[in-house]
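# Coordinate inspection notes
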Amino acid sequence: MRAVVLDSNGRPELADLPEPAGPGALVQVLACGLCGSDVEKLGRGPAGTVLGHEVAGLLEGGEHVTLMHRVPCGSCDRCRAGHESTCEEFRQLRIDPGGFAERMRATHVVPVGSLGLDAVWVEPVACILRAAERVPAGSVLVVGCGAVGRLWVQVLRARGDDVVASDVRPDRLEGAGRLGARVDGGPVRAAVVTAAAGLNDALPRVEPGGTVLVFAAPPEDVPVSLDTVYRRELQLMGSRSASPAHFAAAVAVVSELELPEVTTLPLERFAEGVELYRRGEALKVVFTP
Ligand SMILES: [Zn+2]
Ligand SMILES: [Zn+2]
C-alpha cells in the first residue's frame, strides 16, 4: 500500500509499504489531517516513520471511525491528577503505521456516526475540550486564529466566554470575528496560546492572577519573559493531546461547529500540502489516499 514515509533525513517521501500487520482493527483511511505536531517532526523524525493521527476511517464492516493514536492507562498518579498525556503508557503508539497511508491498524477506534470526512476534526477538538477545562471562564484571549484558533473561539463562545482574538494576519482575525470573537486589546482573565510564538504578546494582556495556557510547542528560539508571570502572579500551564473521555465528547461537538475550510490533496502531493500549511496559505490541509 502507498504511504508517506520519513527517509533517513526525516524527509517525507511516498513509498510502498507492506499491509499493516499490527494488533487491532483494520482501518481504511478516508482522510487524515495534517497537524502542527506532524510538521514539527519533519526533518527530525526517525527513518521509516509514517505520521498522521487525525484520521477519518472506515472499518471493514462499513462503520465510520476515528482512532486514538495514544491512550493513557487511566489509573496511575498522573492520570488521576488529570495529566493523562504524561502517563508512561501514553508514549506507546496504538496505530500501525500512521494516518498518511492507505490502510492502518488501530487498537482504539472511536465510532463517529455520520461525521464522515469531518471525523478528521475529532482529535483536534478533543485536545481543545481537554485543555478548555483548565481555562477559567470569563474573558479569554485566543492567540493565533488558524484552524485550531477558530475551533477554540467556538468552544469558548459555546460555554459563554467573552472571547478576544489575536493574530498577526488581518484575514485570520476577521475569520475569528465572524465566529463571535472581539478583536480589541483590552485585558483578559485568561489567554490560550495556539501559536506559541505569540506567548510574549499574550502575557501582558492577562489580568493579575490570570491564566495562560500554552497549547502549541514553542519555537526553540523564542525567549519568554517570566517577569510578567512573576509580578502579576499568573498561572502558566500547558495542555497537550486528548484523553479517551474527550474523544467521546468531541464526536458530538464536531457536528455542531463551523469547521474551518479544508485543502484536500492526495498523498502524492504531501510536500505541497506541507508548504501550503507552512506558508499559511491553507488553514487546514487534509490528505486522502
Ligand atoms: Zn493533532
Ligand atoms: Zn496513567
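These figures come from a predicted structure and were not determined experimentally. (Residues numbered from 1 in each chain as written. Chains lettered and ligands numbered in written order. Predicted model: local features only at pLDDT ≥ 70, side-chain atom pairs only at ≥ 80, totals over all residues. Heavy atoms only, no water.)

Spatially, S10-S9-S11-S12-S13 is the arrangement adopted by the five strands of the open sheet, whose pairing is parallel. Edge positions in the open sheet fall to strand S10 (162–166) and strand S13 (235–238), since each of these has one partner strand only. With strand direction ignored, the average angle separating the axes of adjacent strands in the sheet is 20 degrees. Looking at chain direction, strand S12 (residues 206–214) and S13 are connected through four bridges and run parallel. (Pairing = 2+ DSSP bridges. Helix = DSSP H or I, 4+ residues; strand = E, 2+ residues; numbered from the N terminus. Axes fitted to C-alpha atoms, helices over the stretch in contact; angles between N-to-C directions.)

On to helix H4 (residues 147–158), then. An α-helical turn contains 3.6 residues, so a residue and the one three or four places further along point in the same direction. Along its twelve residues, H4 runs 17 Å from first to last C-alpha, staying within 8% of the 16 Å computed at 1.5 Å per residue. With nine of its twelve residues buried, H4 lies for the most part within the structure. For H4, the complete set of buried residues consists of Ala147, Gly149, Arg150, Leu151, Trp152, Val153, Gln154, Val155 and Leu156. As for H4, its buried residues are in contact with helix H3 (122–132), strand S9 (139–143), S10, helix H5 (170–178), strand S11 (188–193) and S12. Glycine 160 sits one or two residues past H4 and shows a positive phi near 100 degrees. (Expected span 1.5 Å × (residues − 1). Buried < 20%, exposed > 50% of the residue type's maximum accessible area, 1.4 Å probe, protein only. Contact = heavy atoms within 4.5 Å.)

We now examine the pattern of salt bridges. Pairs can form between side chains of opposite charge whenever their charged atoms are close. Applying the stated criterion to the full structure yields 20 salt bridges. The salt bridge partner of glutamate 102 is arginine 2, with a shortest N-O separation of 3.7 Å. Separated by 100 residues along the polypeptide, glutamate 102 in the loop between strand S6 (95–96) and strand S7 (103–106) and arginine 2 in strand S1 (residues 2–6) bring together distant segments of the chain. For glutamate 102, a relative accessible area of 21% gives the class partly exposed. Relative accessible area serves as the criterion here: at 24%, arginine 2 is assigned to the partly exposed category. Of the charged contacts in the structure, one is a salt bridge between glutamate 275 and arginine 279, with a shortest N-O distance of 3.7 Å. In this structure glutamate 275 comes out as partly exposed when scored by relative accessible area, which is 32%. Sharing partners across several salt bridges, the network here consists of Glu275, Arg278, Arg279 and Glu281. (Salt bridge = Lys/Arg side-chain N within 4 Å of Asp/Glu carboxyl O.)

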